[in-house]
Amino acid sequence: MEVIIPSDWADAAESIVSASLPPPVVFICGPKNSGKSTFSRYLLNALLPRYGRVGYLDTDVGQPDFSPPGCVSLTLVKETISDLMNPCTRATERFFYLGDISSKSNPEAYLDFTFRLYDYFIKQYHQLDEPNDPGNTVLPLIINTPGWVKGTGFDLLVEMLRYISPTLVVQIHISLRSKNLPVGTFWLDANQQELHKVPIVVLDSARRNIKNESILVQKDARHMRDQRLFDYFKQCFPNNLNILTNKELARALAAVSPYVVPFSKVKVIHLHCQVPSSEIFHSLNATIVGLAVSSDVPAKSMSKIPPCVGLGIVRAIDVIKGLLYVITPVPFCILQKVDLLLQGFIEIPSGFLQVRGCVSPYLATNVLHKFLNEDL
């Protein structure tokens, strides 16, 4: 479907692109279904010709653009996005697995992940240690946020704005005014507002009715999340396998040879609940987990959750032998380093489990590789 970009959106993007250096850090916010992601992608495409690469910090764990649901991610985008309305799977620069479709379950971890990704981007791509190095280019950053803008969601936005201190804030409003964020630098107190003049661009939602009023468009959020997971785990197979439908992918996942993981070689971290030690590995059966490497966290911050190298499906467990069977698109050379499994609330889509002709598609019958223990 062709997207008609309103003139005020186009003017706003053009003014951001043509502004003088340094490259902008743009914070995009507004209520759900207002068009934040669509404008973010449009702005990203507009910035690419000038900078070649654009950083994209996606903090919407329920409807992310480039990563699977449940993740806070940073992506360096090099190619224009052809479909402004729908997300697409792309390799992320770095991501953290929150393990939920909302920050409500663990707002502290959510903010920690967001701030660490922002700090990483600033250090790697926005601050020049050697300004005269032609290969050292400062990049712009787009920060896309969730549509939860009331109560705790509002408080989280305030914390993010105060920490990040963007060079520009874009607010997108809808016709139902009570749903919108306050106008102005609402995250600053009166004294700070005098000291910090932050440019704010207020745009109306692009979705309008015949009376020229913005309207809310109801999305099938669950279907969109399931599709994101289908797209992610489709990467388990080569492109020439020509998997075109979700049913075909479900059958392929049921037939693929999993990796085997000894209990003794991994530590399980339950992100949002406590599980009795006797049930830790039982609780992983038929779940989606984040795969991480403990050494990716500095020694002084060992209490922090490390970034993930990817996600996996725990296809089965063998308690007697002490083995887990895992399906993942993460390359074997990286899997050998994995020693942490992060379990949250992200569920396997029901379409993965409904495979006609398979008594139980997640019973392990064959093994592709034995990672983490070559002597097994």
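Residues numbered from 1 in each chain as written. Predicted model: local features only at pLDDT ≥ 70, side-chain atom pairs only at ≥ 80, totals over all residues. Heavy atoms only, no water.

## What to know about unusual backbone geometry
Rule in force here: Helix numbering and strand numbering both begin at the N terminus, where a helix is a DSSP run of H or I of at least 4 residues and a strand a DSSP run of E of at least 2. Three exposure classes are used, based on accessible area relative to the maximum for each residue type with a 1.4 Å probe and protein chains only: buried under 20%, partly exposed in between, and exposed over 50%.
Positive phi values are uncommon outside glycine, yet Ser165 reaches one of about 50°. The topology assignment puts Ser165 in the loop between helix H4 (152-164) and strand S6 (168-173). Phi is positive for Asn242, which is not a glycine, with a value near 60°. Take Asn242: it is sitting in the loop between helix H6 (221-233) and helix H7 (246-255). Taking the relative accessible area as the measure of exposure, Asn242 reaches 49% and is therefore partly exposed.

## Let's talk about the confidence of the model for the protein chain
This is how it is decided: Per-residue confidence from the predictor is given as pLDDT, running between 0 and 100. Residues count as neighbours in contact if any of their non-hydrogen atoms are within 4.5 Å of one another.
When pLDDT is averaged along the protein chain, the result is 85; 85% of the residues meet or exceed 70. Confidence, expressed as mean pLDDT per element, reaches its minimum in the protein chain at strand S14 (residues 369-370) with 54 and its maximum at strand S5 (residues 141-144) with 98. Counting interchain partners and residues more than four positions distant, the pLDDT-below-50 stretch residues 363-367 has 16 contacts.

## Concerning the environment of Lys234
Of note, Lys234 is situated in the loop between H6 and H7. Judged by its relative accessible area of 27%, Lys234 falls in the partly exposed class. Remark: the alpha-carbon pair of Lys234 and Ala252, spanning 18 residues in sequence, is separated by 9.0 Å. With near-sequence residues (within four places) excluded, Lys234 lies in contact with Ile243 and Leu249.

## Notes on the pattern of salt bridges
Using the following cut-off: Throughout this description, the term salt bridge denotes a Lys or Arg side-chain nitrogen within 4 Å of a carboxyl oxygen of Asp or Glu.
As enumerated under the stated definition, the model contains four salt bridges in all. We note a salt bridge from Arg116 to Asp112, for which the minimum N-O separation is 2.9 Å. With Arg116 and Asp112 both in helix H3 (residues 107-126) and four residues apart, this pair spans about one turn of that helix. Linking Lys304 and Asp112 is a salt bridge whose minimum nitrogen-to-oxygen distance equals 2.9 Å. Taken together, the positions of Lys304 in the loop between strand S10 (288-292) and strand S11 (308-318) and Asp112 in helix H3 put the pair 192 residues apart, joining distant regions of the chain. Its relative accessible area of 34% is what places Lys304 among the partly exposed residues.

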